[in-house]
Each structure stands twice: as structure tokens, then as C-alpha cells.
Amino acid sequence: MAKRIDVSGLSAYYGGHKAIDDISMTVEPRSVTAFIGPSGCGKSTFLRTLNRMHEVTPGGRVEGKVLLDDENLYGSGVDPVAVRRTVGMVFQRPNPFPTMSIFDNVAAGLRLNGTHKKNELKDIVEKSLRGANLWNEVKDRLGKPGSGLSGGQQQRLCIARAIAVEPQVLLMDEPCSALDPISTLAIEDLIGELKERFTIVIVTHNMQQAARVSDRTAFFNLAAVGQPGKLVEIDETERIFSNPSVQATEDYISGRFG
Amino acid sequence: MSDVMTDRRPRAEHPGGTPLPVSLRQARLPRWTPAALALVSAALGTGIGLVGGLDSRIQWGLIAALLFIGGTFALAAGVEGARQAKDRLATSLVWIAFLLAVVPLASLLWETVARGTTVLDGFFLSHSMGTLPDALPGGGIYHAIIGTLEQVGLATLIAAPLGLLTAVYLVEYGRGRLAKVVTFFVDVMTGIPSIVAGLFILSVWILILGFGPSGFAGSMALAILMMPVVVRSTEEMLKLVPNELREASLALGVPKWRTILKVVLPTSIGGITTGVMLAIARITGETAPVLLLVWGAKTINGNPFEGAQQSLPLYVFQQWQQGSDASYDRAWSAALVLIAFVMILNLVARGIARWKAPKTGR
Ligand SMILES: Nc1ncnc2c1ncn2[C@@H]1O[C@H](COP(=O)(O)OP(=O)(O)OP(=O)(O)O)[C@@H](O)[C@H]1O
Ligand SMILES: [Mg+2]
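Definitions and limits used
Residues numbered from 1 in each chain as written. Chains lettered and ligands numbered in written order. Predicted model: local features only at pLDDT ≥ 70, side-chain atom pairs only at ≥ 80, totals over all residues. Heavy atoms only, no water. Helix = DSSP H or I, 4+ residues; strand = E, 2+ residues; numbered from the N terminus. Rg over C-alpha atoms; globule rule 2.2 N^0.38 Å. Buried < 20%, exposed > 50% of the residue type's maximum accessible area, 1.4 Å probe, protein only. Contact = heavy atoms within 4.5 Å. Areas by Shrake-Rupley, 256 points an atom, 1.4 Å probe, with all protein chains shown as cover. Phe/Tyr/Trp six-rings, centres within 6.5 Å; stacked < 30°, edge-to-face > 60°. Pairing = 2+ DSSP bridges. Buried area = accessible area lost by both parts, 1.4 Å probe. Salt bridge = Lys/Arg side-chain N within 4 Å of Asp/Glu carboxyl O. Arc of directions from axis to C-beta. UniProt positions renumbered as here; feature names shortened; annotations may be inferred. Domains from an automatic or database assignment. Polar contact = N/O pair within 3.5 Å; in protein donor to acceptor, adjacent residues only side chain to side chain. Near = heavy atom within 4 Å.

Focus on the overall build of chain B
Step number 1: Along its length, chain B carries 14 helices and 2 strands.
Step number 2: Expected size for 362 residues packed as a compact globule is a radius of gyration near 21 Å; at 29 Å, chain B overshoots this value by more than 25%.
Step number 3: For the C-alpha atoms alone, the extent of chain B along its principal axes is close to 90 × 70 × 40 Å.
Step number 4: In chain B, which comprises 362 residues, the share counted as buried stands at 41%.
Step number 5: Of the contacts made within chain B by residues no fewer than 6 positions apart, 69% connect residues no fewer than 24 positions apart.
Step number 6: Of the accessible surface of chain B, which amounts to about 20,000 Å², a share of 70% is contributed by carbon and sulfur atoms.

If you want it as C-alpha cells, here you go:
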């Protein structure tokens with residue numbers, strides 16, 4: 001199920017502006033990889049190149065290779081729609097579909113892709129909501145609008161929606177930045193469970209969170225404002241937080257930055 | 001009012017030297033002051049008008065309005081301070097502007113209802129003019145209602161899908177030169193006078209292609225007038241849909257066209273429908289293209305593709321032209337029906353917008 005990601009020589013542009021420069025790394029399957037780094041260094045941009053969402057932005061352009069188990073996502077003839085079905089995404093701000101009920105939100109990906117059998121949908125929706133630790137809170141109100149949930153519940157709804165289509169990789173862009181500590185804990189536990197089945201990449205500004213949930217951590221940085229962001233190093237999380245090989249990483253993690 | 005007026009507390013000295021008010025409370029005029037002032041100035045305006053022998057009611061109103069503005073400003077300046085006085089001045093100006101805008105509308109409605117109900121009854125709604133001479137009372141607008149419904153319906157069938165698709169193209173796909181050109185032409189079309197749209201269809205459809213007058217010919221001209229309105233309003237509604245929803249859907253591996261169909265359009269359908277309804281309301285009252293292309297008729301013609309038809313605005317125009325008392329009455333009643341029709345459309349549009357608005361569910 002879970003797949004390995006091999007990135008080599010990847011640069012991304014917004015029109016004429018180069019946002020990330022020449023990034024190469026490997027993301028191991030069935031593990032959690034955390035991206036950390038200062039604001040504006042291109043973490044979100046890089047994450048979005050991993051499921052071809054970057055090109056949705058007007059002017060968005062990518063150079064380089066992203067191999068998903070040996071298949072280049074940017075190879076000719078690759079359908080971005082198929083890529084996004086394989087590599088799911090959870091956004092920083094919860095964004096449930098406002099016209100749909102909780103059930104329909106979770107079923108959206110399946111329905112929009114052509115699964116319509118009632119029983120099948122029901123099973124998958126329940127499984128996904130249980131998977132996102134939300135089932136007990138919403139099982140009596142599946143027909144209510146998804147936007148009526150609290151922020152943390154909405155975010156878990158979005159996770160349920162993303163895992164319902166059974167992707168092989170799950171990308172999460174600061175999924176907890178708008179949440180309280182309890183919801184955050186629920187989502188961190190969830191990430192721990194999900195990594196049994198998926199390859200997970202998570203962007204976070206919270207060092208403790210990166211240390212708690214991830215197996216490997218990548219540190220991004222940028223030389224100066226306006227310069228493209230670069231990957232500084234990627235290593236076992238323990239090493240990054242105890243004994244990183246680059247001085248800038250240690251400075252950033254210990255708060256002695258700039 | 002003395003208790004409110006003495007609320008001037010001592011001020012504490014800020015360390016930096018600038019005084020800070022100790023109290024956040026402030027003297028306020030009682031809530032009923034503006035209403036009372038309005039009554040007083042209206043009475044004064046009338047009094048001055050009567051005494052001074054001014055025969056124009058407009059002058060009375062102006063005097064009252066000036067008194068009201070001056071009075072509020074002076075009173076507020078004395079009691080509440082300069083900032084509040086300016087606030088109240090602005091508020092009174094806005095209210096007076098509102099009244100100025102409403103007065104013509106209200107008097108128009110009043111006039112139409114008062115004159116339009118004289119011959120408005122079941123017979124009037126269910127009969128055509130037939131062979132009735134225009135000077136005689138009787139007759140009705142059934143043929144005009146049928147004509148208006150068919151012409152406007154056909155125009156909507158043409159313009160709504162075209163306008164919707166154009167707007168979807170402009171917002172979701174349009175990049176570069178083609179989109180700019182389309183936007184430009186939509187802008188140009190918005191400014192086309194209705195008589196010009198009518199002349200255009202007249203020259204192409206009737207003079208060059210040789211077809212006769214028909215409801216459909218009118219519908220085409222009406223569609224030309226309606227389309228830019230639909231495009232503009234739909235565009236605005238689609239732009240209101242947050243990009244995050246599109247991205248959420250795309251990130252689930254949903255193709256773009258399905259995203260538009262299942263996420264973007266349902267989210268904005270309320271506003272889009274309202275826009276279409278308002279566009280329909282706008283073309284319902286058009287007379288010029290109907291006059292050129294549908295010609296008007298006295299009898300019922302249910303076939304919009306063959307022969308002259310009647311329509312409500314044209315009926316009003318023609319009855320007015322006849323100039324007899326009976327035809328004046330019929331013109332007013334038909335006008336009332338036309339206004340009612342447009343108003344119902346507006347209400348339906350509002351209902352749909354409210355019903356389809358994304359639910360917060362909290
Ligand atoms: N839509 C866009 N158009 C143009 N430039 C953009 C766009 N989005 C991001 N950028 C630029 O790309 C660079 C990287 O942005 P990105 O959002 O990837 O940073 P980030 O590391 O995710 O920051 P944060 O931690 O604040 O989320 C920034 O310089 C930013 O200004
Ligand atoms: Mg970001």
C-alpha cells in the first residue's frame with residue numbers, strides 16, 4: 001500500500017519567482033516525515049509539488065523529478081488527477097464542503113470518483129470516520145452540515161475525507177495550527193495509527209510536535225528574504241533534535257535563529 | 001436631561017502628559033431624540049409653509065429637512081460633543097437621501113395600484129382584446145400574458161445556459177488573451193441599448209433571412225440583452241467561492257470539471273439563480289425589441305415561432321397610444337400586472353437565495 005517518495009533536483013516557481021531550489025530527498029514508506037523551517041522557506045510549496053497541486057496555482061511551474069515507487073509524477077502522460085488520488089492532502093485550514101452533510105463530505109471523494117453503492121459508501125464512511133477518531137462524536141448527526149462542527153472536528157472530518165479514498169501517501173500542511181491541545185493530541189494519535197497504512201508527510205511549526213510524531217525530520221531554510229528555500233538536511237528525528245550535522249539546524253531548533 | 005449633561009468627569013494626567021479620560025461613559029441623547037426632532041421639524045416645516053403661503057409641498061419638505069439636520073447637529077454638538085454631532089449629521093443625511101429615493105418609488109406604486117385596479121379582474125386576465133374596438137371598455141390581457149411568458153421563457157432558455165457557461169469559462173478556465181476578449185465583449189454587450197438589439201435581429205432575421213415577425217424573433221433580441229447580465233452576476237458569484245474548496249476537491253483526485261459541477265456550482269447556485277431571476281425581471285419590461293420584432297396582436301397566438309404576438313409592455317404602450325378612457329384603464333391594469341410579475345420574480349429569487357445558501361448549521 002504505502003509508497004516511497006524519491007525527490008531529485010526539484011525546483012518550483014510562481015511565475016518568475018523561484019520558491020524552492022534543487023531539493024532532493026527520500027521519504028520512507030510507512031513512516032512519518034516532518035518538515036520544519038522558518039515561514040516562507042517553501043515547505044507548503046514543496047508539499048504541494050508532491051501531489052501536483054502546485055500547478056493549480058496560476059503561474060505555478062515545477063522542474064525536477066518526483067518518483068513514487070519508481071514512477072515519475074512529472075513524467076509525460078501522467079494524469080495529475082490520478083496522482084492526487086494516490087497522494088492525498090490535508091490543508092492548514094479545515095475546508096469541509098459547505099453544501100454537504102458530514103456523511104456526504106466523507107463520501108465526496110468516492111462519489112465524485114464514481115462509487116455510488118449505498119452500502120459500500122456507508123461502510124467506507126464509517127471506517128474513515130473511525131479512522132479519524134471522529135465517529136463517536138458525529139455518528140448521530142451524519143446528515144447535519146459539516147460546517148457545523150468545531151474547528152478540530154472539522155479538521156478530523158477533512159482527514160476522514162482524505163483517507164476515505166484510500167490514498168497511499170498523506171500530505172498534511174500544518175494540520176494542527178488552528179487547534180487546541182486536546183484536538184492536537186487526537187490528531188497526533190491519529191497520525192501514529194495512520195502511519196501503519198500510509199506514508200505520511202507533515203509540515204509543522206511546532207518542534208515538540210515534530211519530535212513527538214515523526215520518524216524523520218527535514219529542515220528547510222532560505223538564505224534571505226526573496227531567495228528560494230532549500231533543504232538543509234534530513235535525518236532521523238532523534239538525531240536532528242539531539243545532534244544535527246548542520247549548525248543552522250541546531251540554531252533553529254534551539255531558538256537561536258537569525 | 002440634566003443628569004446626562006453633567007457627566008463631565010475630571011481627567012487623570014497620563015505619565016507622558018497627555019490627559020486620558022477617566023470614564024468611558026459619555027453623555028448621550030436619549031434614543032427617541034431623532035424621532036422627536038423629525039416630528040418637530042415636520043410640524044415646523046408645515047407651519048412655516050402655511051404661514052409663508054408657500055404653495056409647493058417640496059419647499060415644505062426642504063424646510064423640514066434643513067431644520068431636522070440643523071437641529072440634530074446643534075443638539076448633538078451641545079450634549080454629546082463634536083464627534084457625535086458629525087456622526088448624527090451623517091446619519092441624518094443618509095436618512096434623508098433614503099427618503100428621497102423611496103418617495104418616487106412609493107408614489108409610483110401607489111399611482112399604479114390606485115389606477116390599475118379599476119378594470120383588473122378575472123375577465124381581464126382571461127380574455128384577449130379580440131375584435132373589440134379600442135375605445136370601448138372590456139377586453140383583457142390574456143394574449144399579452146401568454147406572449148410575455150413565452151418570449152421571456154425562450155429568451156431565458158437561450159441566454160441562461162450561454163451566460164452560465166461563459167461565466168464558468170471566465171472564472172474557472174479563462175487565462176490570457178481569449179478571456180480578456182470575452183470580458184471586453186461582455187462589457188460592450190452590457191451597454192447595448194435595447195432598440196439596437198432589436199434592430200440587429202430585425203436586419204438579420206427578418207430583412208436578410210426573410211422570416212416574419214414572431215415571439216421567437218423577440219426572444220433572440222431579449223436574449224442578447226439578458227446574456228451579459230447573467231454572465232456578470234454569475235461571474236461575481238463564482239468568484240465568491242473560496243479557492244480552498246476547489247483545492248480540497250482537486251486534492252481528492254476529482255477532475256476539474258466534476259469539481260466545478262459538484263462543488264463550485266452547488267456552493268454558488270443560490271446567488272446564480274438570483275442573478276438569472278433579476279436578469280429575467282430586467283428583460284420582462286423591454287418594449288422596443290418587441291415592438292420591432294413581435295409587432296403586437298389583439299388576439300391570442302400561442303405559437304411563439306409563427307406570427308405576431310402581444311406582450312405586456314407593448315400592450316401598455318399601445319393601449320396608451322389609443323388615448324380613450326377605456327384604453328387608459330387597461331394600460332394601467334396591464335402595468336400593474338407587469339409590476340406584480342416582476343416583483344414576484346424578485347421575491348422568488350430572494351427565496352431561492354436564502355434556501356440554497358450554504359448552511360452553517362450551528
Ligand atoms: N500563490 C503564490 N503566489 C506567489 N508566490 C507565492 C505563492 N504562495 C507562496 N509564494 C511564495 O513562495 C515562497 C514559499 O511559500 P510557502 O507558502 O511555501 O512557505 P512556507 O514555508 O509554507 O511558509 P509558512 O510556514 O508560513 O506556511 C514564499 O516566498 C511565498 O511568498
Ligand atoms: Mg505553509
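Looking at the packing of aromatic side chains
When we look at a pair of aromatic rings, we describe it by the centre distance and by the angle of the planes.
Residue and element names in this part refer to chain B.
Step number 1: In this structure the tally under the stated criterion is 11 aromatic pairs over all chains.
Step number 2: Plain terms: the ring middles of Trp 205 and Phe 211 are 4.0 Å apart, the flat faces sit at 10° to each other, and that makes the pair stacked.
Step number 3: With relative accessibility at 40%, the residue Phe 211 sits in the partly exposed group.
Step number 4: Consider the rings of Phe 216 and Phe 305, whose centres lie 5.3 Å apart with planes at 40°: the pair is tilted. Within this pair, whereas Phe 216 is found in helix H9 (residues 215–240), its partner Phe 305 is found in the loop between helix H12 (288–293) and helix H13 (312–322), the two being separated by 89 residues in sequence.
Step number 5: Connected via pairs of aromatic rings, a cluster forms that spans Trp 205, Phe 211, Phe 216 and Phe 305.

With respect to the pairing of strand S6 (residues 87–90) of chain A
In regular strands, side chains alternate between the two faces of the sheet.
Residue and element names in this part refer to chain A.
Step number 1: Burial of S6 is two-sided: the residues Val 87 and Met 89 facing one way and the residues Gly 88 and Val 90 facing the other way are all buried.
Step number 2: Note that S6 and strand S7 (residues 169–173) share 4 bridges and pair parallel. Among the inter-strand pairings, Val 87 is bridged to a residue of S7, identified as Val 169.

Structural notes on the environment of Ser 214 of chain A
All names here are of chain A.
Step number 1: One can find Ser 214 in the loop between helix H8 (207–213) and strand S9 (216–222).
Step number 2: By relative accessible area, Ser 214 is classed as buried at 8%.
Step number 3: As a C-alpha pair, Ser 214 and Ser 31 span 183 residues in sequence and 7.5 Å in three-dimensional space.
Step number 4: Not counting residues up to four positions away in its chain, the partners in contact with Ser 214 are Val 32, Thr 33, Ala 34, Gln 209 and Thr 237.

Some details on the interface of chain A and chain B
Step number 1: On the chain B side, the residues contacting the 31 residues of chain A number 22 residues.
Step number 2: In this assembly, chain A packs against chain B so that about 2,200 Å² is buried in total across both faces, 62% of it on carbon and sulfur atoms.
Step number 3: At the boundary of chain A with chain B, the tally comes to 2 salt bridges.
Step number 4: Arg 48 of chain A is the partner of Glu 247 of chain B in a salt bridge, and the nearest nitrogen-oxygen pair spans 2.9 Å.

Looking at helix H3 (residues 102–112) of chain A
Step number 1: With 9 of its 11 residues buried, H3 of chain A lies for the most part within the structure.
Step number 2: Residues of H3 of chain A that are buried: Ile 102, Phe 103, Asn 105, Val 106, Ala 107, Ala 108, Gly 109, Leu 110 and Leu 112 of chain A.
Step number 3: Tucked into the core, H3 of chain A has its buried residues touching helix H4 (118–131), helix H5 (135–138) and helix H6 (151–164) of chain A together with helix H10 (243–251) and helix H11 (256–284) of chain B.
Step number 4: Looking one or two residues past H3 of chain A, Gly 114 of chain A carries a phi angle of roughly 105°, positive in sign.

Focus: helix H10 (residues 247–254) of chain A
Residue and element names in this part refer to chain A.
Step number 1: Three or more residues of H10 are buried, namely Thr 249, Asp 251 and Tyr 252. Down the axis of H10, the buried side of the element spans an arc of 165°, and every buried residue falls inside it.
Step number 2: On its buried face, H10 is in contact with strand S3 (32–36), H8, S9, strand S10 (229–236) and helix H9 (237–242).
Step number 3: Just downstream of H10 lies Gly 255, where phi reads positive at about 85°.

Considering the UniProt feature "domain: ABC transporter" (unreviewed entry) in chain A
Step number 1: Cross-referencing UniProt, the feature "domain: ABC transporter" (unreviewed entry) maps to residues 5–247 of chain A in the present numbering.
Step number 2: End C-alpha atoms of residues 5–247 of chain A are separated by 27 Å, and the span's content is 35% helix alongside 27% strand.

Structural notes on the domain arrangement of chain B
All names here are of chain B.
Step number 1: Taken domain by domain, chain B holds domain 1 (31–116) and domain 2 (142–356).
Step number 2: In this structure, domain 1 and domain 2 have C-alpha centres spaced 40 Å apart.
Step number 3: Facing the 7 residues of domain 1 at the interface are 6 residues of domain 2.
Step number 4: One can count 1 residue pair in polar contact (both at pLDDT 80 or more) joining domain 1 with domain 2.

Topic: the site of ligand 1
Residue and element names in this part refer to chain A.
Step number 1: With respect to spatial proximity, 13 residues lie near ligand 1, and among them Ser 39, Lys 43, Ser 44, Thr 45 and His 205 are the closest.
Step number 2: Taking Lys 43, its side chain carries an N or O atom lying 2.7 Å from an oxygen atom of ligand 1.
Step number 3: Burial of ligand 1 by the surrounding chains reaches 61%, relative to a free accessible area of 630 Å².
Step number 4: Those elements that place two or more of their residues in the shell around ligand 1 are strand S2 (17–27) and helix H1 (43–49).

Here's the deal with the pairing of strand S1 (residues 5–14) of chain A
All names here are of chain A.
Step number 1: For S1 and S2, the ladder comprises 7 bridges, and the chain directions are antiparallel. Residue pairing for S2: Tyr 14 is matched across the bridge by His 17.
Step number 2: Here S1 folds back onto S2 in antiparallel fashion, the turn holding 2 residues, of which Gly 15 has a positive phi close to 60°.
Step number 3: Pairing of S1 with strand S4 (residues 60–68) involves 8 bridges; the strand directions are antiparallel. Of the residues in S4, the one forming a bridge with Val 7 is Val 66.

Description of the UniProt feature "transmembrane region" (unreviewed entry) in chain B
Residue and element names in this part refer to chain B.
Step number 1: As recorded in UniProt, the sites labelled "transmembrane region" (unreviewed entry) are residues 32–52, 58–77, 89–110, 152–171, 183–208, 214–231, 263–283 and 331–353.
Step number 2: As a span, residues 263–283 carries 100% helix and 0% strand, and end to end its C-alpha atoms are 30 Å apart.
Step number 3: With 100% helix and 0% strand, the stretch residues 331–353 has end C-alpha atoms that lie 33 Å from each other.

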